[in-house]
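# Structural characterization, general
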Amino acid sequence: FVPLQFALGEAFQFDWSEEGLVIGGVWRKIQVAHLKFCASRALFLKAYPSQGHEMLFDAHWHAFRVFGGVPARGIYDNMRTAVDRVGRGKERQINMRFLAMTNHYVYEPEFCNPAAGWEKGQVENQVGNVREWLFCPRPRFADFTEMNAWLAQRCRELAHRPHPTEKERSIADLFAEEQPKLRQITAPFDGYFEVACRVSSTCLAAYDRNRYSVPAEYAGQRVSLRAWADRIRVVADEQVIADHPRSFTRERLVLDPWHYLPVLERKPGALRHGLPFRDWDLPMSIAAVRERLMKTAQGDRAFVQVLQAIRDHGLDPVSVACTLVLEQGTVSAPIILNHVSRLVSPVRSVPRVATTLGLNILPAANCQRYDSLLGGRHAH
């Protein structure tokens, strides 16, 4: 092998590693993104559930944000999220979304020869070192947020280790010289992975073995589902129609009860046993009204009218109206809607009569002016 030397701000190396940890009380395999600067040896680590496109884009954005800039080149192996086809020599058919990210951050991607991991030996060695430094013994975490906060802190601590070649200086000292040579970033790359899907009759769009609710009016239609590392958004007619936190468990339903309100207007009985409405997080006063109404005949239909008022006028006035009817002791949909109408209707302004005006010239008392109104004749 030949020892290599890189100029400050010239290049970084990227790779993935797989670790087995207990997260949330469950043992699972996680994917750790490694990004390492070739000159200063500054490193960045972030854990994800998978190695998908959205995870790759998110790892680069957070690394560049932490380091405060982008080197001129990035060195990768031939991972499927970056390379669609490997040709002869250095010929590569680069994935279009990956190429869009490199163009956004304005750096040149460079790919190793197949099965030649030593061409990015720094990050390859780092994978084994990090496993020894951080994951032996294996720590436990409540979730990925806690784990990534811990990894960020450990990266800051490892930056104070001596530099491998300039041992009298630390990695942090070398990075302080390298950071001004990085190209500054102005905005994050919108790193989502998009697929087309059809909304089911139960108003659900499926992605990665989970299903997410969509407004009922789009049932049966084809929509675009965009997946980020932490969000799922459904787009139709160039507008975002649904936004959910992403779930990484399997066969889970992520439901928004408001997406099913048009169905409730036609099928109010579904309010009692509908899965989206079981653990509905409503304000305390509205939840109390729901409990009172559901004990009466046609209470489900009455509460649907309250929900329609929330959709039309907002949550705050309906919450206040529910508080008022609970204080009065008579809970019914017409009374609630009457309160909402009075709360949202604009207050008519009464014109103020000026009381400080006065007459500069007092009129003379002249009763003949009344005669002039009658044409000079007295009324009989």
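Preceding this section is the structure that the text describes.
Notes on the structure in this doc start here. (Residues numbered from 1 in each chain as written. Predicted model: local features only at pLDDT ≥ 70, side-chain atom pairs only at ≥ 80, totals over all residues. Heavy atoms only, no water.)

### A short note on the nonpolar core
The biggest cluster of nonpolar side chains holds 31 residues, and the ones touching the most others in it are Phe14, Leu35, Tyr76, Phe98 and Tyr107. Those elements that place two or more of their residues in this core are strand S1 (11-23), strand S2 (26-37), strand S3 (43-48), helix H1 (53-67), helix H2 (96-105) and helix H5 (171-178). Ignoring anything within four residues of it in the chain, the contact list for Phe98 reads Leu56, Phe57, Tyr76, Met79, Thr81, Ala82, Tyr107, Pro109 and Phe111. Leu204, Ile286, Val331 and Ile336 belong to the second-largest nonpolar core, a separate cluster that totals 30 residues. (Core = buried A, V, L, I, M, F, W, Y, C linked by side-chain atoms within 4.5 Å. Buried < 20%, exposed > 50% of the residue type's maximum accessible area, 1.4 Å probe, protein only. Helix = DSSP H or I, 4+ residues; strand = E, 2+ residues; numbered from the N terminus. Contact = heavy atoms within 4.5 Å.)

### A look at a nonpolar patch on the surface
Together, Val320, Leu343 and Val344 make up an exposed nonpolar region whose accessible area comes to about 210 Å². Note on placement: Val344 falls in helix H11 (residues 333-344). We classify Val344 as partly exposed; its relative accessible area is 34%. (Patch = residues over 30% accessible without salt bridge, like charges linked within 9 Å, V, L, I, M, F, W, Y side chains within 5 Å. Areas by Shrake-Rupley, 256 points an atom, 1.4 Å probe, with all protein chains shown as cover. Salt bridge = Lys/Arg side-chain N within 4 Å of Asp/Glu carboxyl O.)

### What about the pairing of strand S13 (residues 231-236)?
Where strand S12 (residues 222-227) lies against S13, four bridges are found, and the strand directions are antiparallel. Bridging from a neighbouring strand, Arg226 pairs with Arg233 of S13. Count of turn residues in the S12/S13 antiparallel hairpin: three residues. Direction of pairing for S13 relative to strand S14 (residues 239-245): antiparallel, over a ladder of six bridges. Paired with Val235 across the bridge in S14 is Val240. The turn joining S13 and S14, which pair antiparallel and follow one another in sequence, is formed by two residues; a positive phi near 55° is taken by Asp237. (Pairing = 2+ DSSP bridges.)

### With respect to the pattern of salt bridges
Going through the model one piece at a time under the given rule, you end up with 17 salt bridges. Its salt-bridge partner being Asp58, residue Lys46 comes within 3.6 Å of it at the nearest N-O pair. Residue Lys46 is found in strand S3, and its partner Asp58 is found in helix H1; the two are separated by 12 residues along the sequence. Classification of Lys46 as buried rests on a relative accessible area of 16%. In this structure, the salt-bridge partner of Asp312 is Arg311, at a minimum N-O distance of 3.3 Å.

### Thoughts on the sheet that holds S14
Hydrogen bonds between backbone atoms are what pair the strands of a sheet, whose relative direction is either parallel or antiparallel. Taken together, the four strands give an open sheet; going across it, the order is S9-S12-S13-S14, and neighbouring strands pair in antiparallel fashion. Each edge of the sheet is formed by a strand with only one pairing partner; in this case those strands are strand S9 (193-198) and S14. With strand direction ignored, the average angle separating the axes of adjacent strands in the sheet is 25°. Note that S9 and S12 share six bridges and pair antiparallel. Within the sheet, the bridge partner assigned to Glu194 lies in S12 and is Arg226. (Axes fitted to C-alpha atoms, helices over the stretch in contact; angles between N-to-C directions.)

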